[in-house]
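What follows is each chain in one-letter form.
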Amino acid sequence: MGERALRRVAVLAMVAVVAAACTGDGDEGLVDEDTEPPVVEDEPEDEPAERDSGEIIVGTTDAVTSLDPAAVHDYYSATVLANLGDTLVGFEPGATEATPRLAEAVDVSEDGLTYTVVLREGVTFHDGSELDSADVQFSLERVLAMGHPDGAGFLLADVAEIAIPDERTVTITLVSPSATFLDRLAYPVATIVPSDGDYTAPATDADADADVEAEAFVHEELVATGPYRLVDVEDDEEITLEAFDDYWGEAPRNERVVLRFFPSSGDLAQALLEDEIDVAFRQLAPDHRAELAEAGGIQAVEGVGSFIRYLVFNPLLAPVDDANVRRAVAAAIDRERLVDDVFAGRAEPLDSMVPSGFPASADFFSQYQEQDPATFLEGVETPVAVELHYAGEQYGPTEPALAEAIQETLEDTGLFEVTVTSTEWEEFVGEAWPAQAGQYQMFLLGWYPDYFDPDGYLAPFYGSDGFLGVFANGEVDELLAQQHQASAEERVPMLHRVQQIGAHEVPIVPLLTETPTPFARDDITGLEETVDLVGTLRFSLLER
């Protein structure tokens, strides 16, 4: 998903600390010869306190921006919500197709417009109230009515009406058929909260005050139906979750999870080395990963990647307004070199905007790896002067090194002269896109999908209404619309064609898929089951 600017939340003030880490003033997160890896004394003076066998401590340098489903659209907040709450449908470990969760069954009408949901019986909220259809209607309509600018309410934009024929039945009618609607319902924006509790929503009648801001309805003390309940939030330090005794599903394998937040990759790695935490996941610099991999008593668990890194061109700005210049860049970038030098092998080259874990992925960009970039620049004066922008450490401590490696791969061909500029995130998002207002010739971004379908990697970039505004193609728009009404088998060739056109026009160059790699103490089990393509760290599977 596209990272959003961090907003201050009264209950969760940790944002400021993590933002400071992301801006980077040469901290140990950078991959540099002067980087000093964490050091563990051979004989520590104090033995770590014996850990509660039922407690798992998970460390991260990420931030939680909100715990209100209507206001969340960033990776770590969504992960925490997914562990505290439930949606009507979701993904089982290792699966890429959404299946019922709070729903006992979902029936789709022949025209693809109406979803009839029968709710599971015996589901209890953390406040003791029982789930019914009114809660589902309230939760989804609340998200749509709030339209929070930092949230993901747009994922439910296809909803035309929600009705509740009885206490256990919900009917959701769409504006038009959508092959991805169930996948969208699995995102934490559709977390079900109690309708008779402390949550409020804007009025939707004709007399509603249109000037009331969504922020006025944000409620941070999450009450939901998930395997854990929220126990404590300690400013910028940690969040405590406890197993919910009345959870409807399989009970968590642990009693308590403590999420601990660190300002830098070095601090996170040191905490794991000194046994202050059990799991370190996001964001560790390559040198710190290497140090942990060599340390005793620590395991590295490699998962399946769905977070991609990519390079964007603004086709309205010279010299990248020339498609052949863009193709030459695509041919000149050595993805294997990026994987090895920047990510120490914990990534995979990406030859499509759709990761290889999806059946509809088609590697049309591999054609450029077999071509001499000079063949695209006949008649163009070289070296071509281009500018590359990136947003500090917004996507982790590897970002400066990634930009530098791209600069080197381009300049090593003798065909390009690259200027690299780092800009703070808030300024970056105001200057980079959409193309009509964008000021950057080329810039780096990352993407974690809102919903787990190839469409989630294609429509936002290749559709005419894509958020970057760098590409418009009539055939692509038609294919993206048609595939929503097609069967799974019929969709594949349509999605392949979209990728083929994108690779030919090159508004974007896919670079790599990061391999999610939690590091943990050797006595922690369950990580292998949860680092799958969906990417949500399921705390309930962790056990000592």
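Residues numbered from 1 in each chain as written. Predicted model: local features only at pLDDT ≥ 70, side-chain atom pairs only at ≥ 80, totals over all residues. Heavy atoms only, no water.

### Points about the packing of helix H13 (residues 474–482) against helix H14 (residues 488–505)
Axis angle and axis distance: for two packed helices, these are the angle between their axes and the distance between the axes, and together they describe the pair.
At step 1: For the pair H13 and H14, the least separation of the axes is 9 Å and the interaxial angle reads 155 degrees. Here H13 lies roughly antiparallel to H14, going by the angle between them. In the packing of H13 onto H14, the handedness of the crossing is left-handed. Counting all contacts with H13, which are made through Glu475, Val476, Leu479, Leu480 and Gln482, the residues of H14 involved are Met494, Arg497, Val498 and Ile501.
At step 2: Looking at side-chain class alone, the contact of H13 with H14 contains 6 nonpolar, 1 polar and 2 charged residues. (Axes fitted to C-alpha atoms, helices over the stretch in contact; angles between N-to-C directions. Helix = DSSP H or I, 4+ residues; strand = E, 2+ residues; numbered from the N terminus. Parallel < 35°, antiparallel > 145°, perpendicular 65-115°, else oblique. Left-handed = near helix turned anticlockwise from the far one by under 90°. Contact = heavy atoms within 4.5 Å. Nonpolar A, V, L, I, M, F, W, Y, C, P; charged D, E, K, R; others polar.)

### Remarks on the packing of helix H12 (residues 455–462) against H13
At step 1: Following both chains from N to C, one finds H12 and H13 inclined at 145 degrees, their axes separated by 11 Å at the closest point. In terms of crossing hand, the pair formed by H12 and H13 is left-handed. Listed contacts from H13 to Asp455, Leu458, Ala459 and Tyr462 of H12 are Val476, Asp477 and Leu480.

### A word on the packing of aromatic side chains
What describes a pair of aromatic rings is the distance from one ring centre to the other and the angle between the planes of the rings.
At step 1: For the structure on display, the rule yields 25 aromatic pairs.
At step 2: Each ring, one from tyrosine 440 and one from phenylalanine 443, has its centre 6.3 Å from the other, and the planes form 65 degrees; the classification is edge-to-face. Across the pair, phenylalanine 443 and tyrosine 440 agree in class, each one buried.
At step 3: A connected cluster of aromatic rings, assembled from ring pairs, spans Phe307, Tyr310, Tyr395, Trp425, Phe428, Trp433, Tyr440, Phe443, Trp447, Phe461 and Phe467.
At step 4: Geometry around tyrosine 451 places arginine 184 over its ring, the cationic atom sitting 4.3 Å from the centre.
At step 5: A cation over a ring is seen here: arginine 282 above tyrosine 75, with NZ or CZ 4.0 Å from the ring centre. (Phe/Tyr/Trp six-rings, centres within 6.5 Å; stacked < 30°, edge-to-face > 60°. Buried < 20%, exposed > 50% of the residue type's maximum accessible area, 1.4 Å probe, protein only. Lys NZ or Arg CZ within 6 Å of the ring centre and 35° of its normal.)

### Topic: the sheet that holds strand S4 (residues 103–108)
At step 1: Spatially, 4 strands are ordered S4-S5-S7-S6 in an open sheet, and the strand pairing comes out antiparallel. Strands at the two margins of the open sheet, each flanked by one partner only, are S4 and strand S6 (159–166). Across the sheet, the mean angle separating the axes of adjacent strands is 20 degrees when strand polarity is ignored.
At step 2: Contacts between helix H3 (residues 133–146) and the sheet are confined to strand S5 (114–119), S6 and strand S7 (169–174), with S6 contributing the most and set at about 165 degrees to the helix. (Pairing = 2+ DSSP bridges.)

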